[in-house]
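For reference, the chains in residue letters:
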Amino acid sequence: MAKIKLHTGPGVFEVLSHVCRSPQEAMKQFVENAADAIELIGNDESQILIKLTYQVIGSNGSSGRVLKSIAIQDNGVGMSSQKMRQVLQLIGSSEKLNSALRGEQGIGLLAFALIAEELHLASTSEEGTSSSCLVLKRKWLKSGHAEIVKNCPEHQHIDRGTVAYLEGILPEIAGQLSKDRIKEYLGQQFANDLRSNLYSMAISDDHTFEQIHPQRFRGVRVLSSH
């Protein structure tokens, strides 16, 4: 395990609130990263998969489900542990925080903090090679801390590409990240790529994946937590 010092600080959450104005926009950062990774590899069977995992609460006939985690998986170019270190060393530089430029030099990874308590980014750039795991936690950001774990036992995979695990979804925004809302939003935001068949995109909140199709953008939608 390697510990990395970030250039983040007490103002990081305020900056992020300007970078991403909704939970969907924060999650979009990871889908954009997946699309970029796919473009770099030029795979004919490129795909992005979004998996929602729920925790069952309650009992005696009054049980319900609470969103626990979101995983965004791609079969793009992937990252080595060395590349992860380079990305982390650029995250939160004073220049990026002051200008709040979305998606440049990895600042988009910090958007996890608007959705979840932790980000575990498991990735490998070589097929058949065990992935490493970049770990960021909300409670670490003010002090500027991150970790890279090689051969992470919990999130390890050997297929080239990346899986971004957003774990511990914040209760106050969980209701805004339903499968249907995400499906519609991503269908609008990535409509051109999906129409061009640059990759396929699918989403699941159980064991079945549903294809995300391009949608026509219908303007700004007012979101609620209900």
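Calculation criteria
Residues numbered from 1 in each chain as written. Predicted model: local features only at pLDDT ≥ 70, side-chain atom pairs only at ≥ 80, totals over all residues. Heavy atoms only, no water. Salt bridge = Lys/Arg side-chain N within 4 Å of Asp/Glu carboxyl O. Helix = DSSP H or I, 4+ residues; strand = E, 2+ residues; numbered from the N terminus. Buried < 20%, exposed > 50% of the residue type's maximum accessible area, 1.4 Å probe, protein only. Core = buried A, V, L, I, M, F, W, Y, C linked by side-chain atoms within 4.5 Å. Contact = heavy atoms within 4.5 Å. Arc of directions from axis to C-beta. Phe/Tyr/Trp six-rings, centres within 6.5 Å; stacked < 30°, edge-to-face > 60°. Lys NZ or Arg CZ within 6 Å of the ring centre and 35° of its normal. Pairing = 2+ DSSP bridges. Axes fitted to C-alpha atoms, helices over the stretch in contact; angles between N-to-C directions.

Within this structure, the stated rule accounts for seven salt bridges. Here arginine 65 ties to aspartate 205 by a salt bridge, and the two come within 3.7 Å at their closest N and O atoms. Placement of the pair is arginine 65 in strand E3 (residues 64-74) and aspartate 205 in the loop between strand E8 (200-204) and strand E9 (210-211), with a sequence separation of 140 residues. Overall, aspartate 205 belongs to the buried group, its relative accessible area being 14%. When the shortest N-O distance is used, the salt bridge between lysine 179 and aspartate 205 registers 3.8 Å. With a gap of 26 residues between them, lysine 179 in helix H6 (residues 179-189) and aspartate 205 in the loop between E8 and E9 connect regions that are remote in the sequence.

Take the nonpolar core next. Core analysis: the largest hydrophobic core is formed by 57 residues, its most contacted members being Ile48, Ile50, Ile70, Leu136, Leu166, Leu186 and Met201. Element by element, the count of residues in this core is highest for helix H2 (residues 23-41), at seven residues. If near-sequence neighbours (up to four positions away) are discounted, leucine 166 is found in contact with Met27, Phe30, Lys68, Ser69, Ile70, Ile72, Phe112, Ile115, Ala116, Glu118 and Leu119. Formed by five residues, the second largest nonpolar core is a distinct cluster that contains Cys133, Val135, Trp140 and Cys152.

Turning next to helix H3 (residues 81-90). Here H3 has its buried residues at Ser81, Met84, Val87 and Leu88. End-on, the buried residues of H3 take up no more than an arc of 115°, which puts them together on one face. Where H3 is buried, its residues touch strand E1 (2-5), strand E4 (116-124), strand E5 (132-137) and strand E6 (145-150).

Turning next to the packing of aromatic side chains. What the rule picks out here adds up to zero aromatic pairs. The positively charged end of arginine 65 is found above the aromatic ring belonging to tyrosine 54, 4.0 Å away from the centroid.

With that settled, consider the sheet that holds E1. In spatial order, the strands read E1-E6-E5-E4-E7-E3-E2-E8-E9; together these nine strands make up an open sheet with mixed pairing. For this open sheet the edge positions go to E1 and E9, each flanked by a neighbour on one side alone. Strand direction decides the pairing type here: E8 and E9, joined by two bridges, are antiparallel. Across the sheet, residue alanine 202 finds its bridge partner in E9, namely glutamine 211. Along the sheet face, H2 touches strand E2 (47-57), E3, E4, strand E7 (161-169) and E8 and points at about 25° away from the line of E3.

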